[in-house]
Amino acid sequence: MDLYLRSTIRVEALAGLCNLSSGHFQRAFKASLGETPHKYVTRRRMEMACRMMADTAEPLCRIALECGMTDQAHLTNSFRRLYGIAPNAWRKRMLLEKSGYGVPETTVAPLN
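Treat the numbers as computed from the prediction; the structure is a model and nothing was measured.

## Quick look at unusual backbone geometry
One non-glycine residue, Asn 19, adopts positive backbone phi at about 60 degrees. Classification of Asn 19 as exposed rests on a relative accessible area of 72%.

Structure (structure tokens):
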């Protein structure tokens, strides 16, 4: 799934690859990985966004699209829901931390 994070990933297509119904696939996925396919994809997209925000100067709107989000607002809402902070504020904290100023790493979302 990581290869397709930039595009729409449908549970039906994944289930079809495994010759399972969508419901059975979702239950088996959660039993195996401890989270639903949707949460897994969202988490992986947010991890990708974290890497891009930390390693590039790309604007958030471009990062959002590169990570398979529909727009910057979608990225912001998903990021805030997962990490409890807006992506721009997270990026600023990471930049301050890298420069030797700011908050300790344990208080911000992990880079993964």
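## Some words on the pattern of salt bridges
With the rule as written, the count across this model stands at five salt bridges. Across the pair Arg 6 and Glu 66 runs a salt bridge, and its minimum N-O distance is 3.1 Å. Of this pair, Arg 6 sits in the segment before helix H1 (11-17) while Glu 66 sits in helix H4 (residues 60-66), placing them 60 residues apart in sequence. Under the relative-accessibility criterion, Arg 6 is labelled exposed at 51%. The partner of Arg 43 in a salt bridge is Glu 35, and the shortest N-O contact between them spans 2.7 Å. Among the charged side chains, a salt-bridge network with shared partners connects Glu 35, Arg 43, Arg 44 and Glu 47.

## With respect to the side chain of Glu 47
Mapped onto the elements of the fold, Glu 47 is located in helix H3 (residues 37-55). Of the polar contacts made by the side chain of Glu 47, one reaches the side chain of Arg 43; its length is 2.8 Å.

What counts, and at which threshold
- Residues numbered from 1 in each chain as written.
- Predicted model: local features only at pLDDT ≥ 70, side-chain atom pairs only at ≥ 80, totals over all residues.
- Heavy atoms only, no water.
- Buried < 20%, exposed > 50% of the residue type's maximum accessible area, 1.4 Å probe, protein only.
- Salt bridge = Lys/Arg side-chain N within 4 Å of Asp/Glu carboxyl O.
- Helix = DSSP H or I, 4+ residues; strand = E, 2+ residues; numbered from the N terminus.
- Polar contact = N/O pair within 3.5 Å; in protein donor to acceptor, adjacent residues only side chain to side chain.

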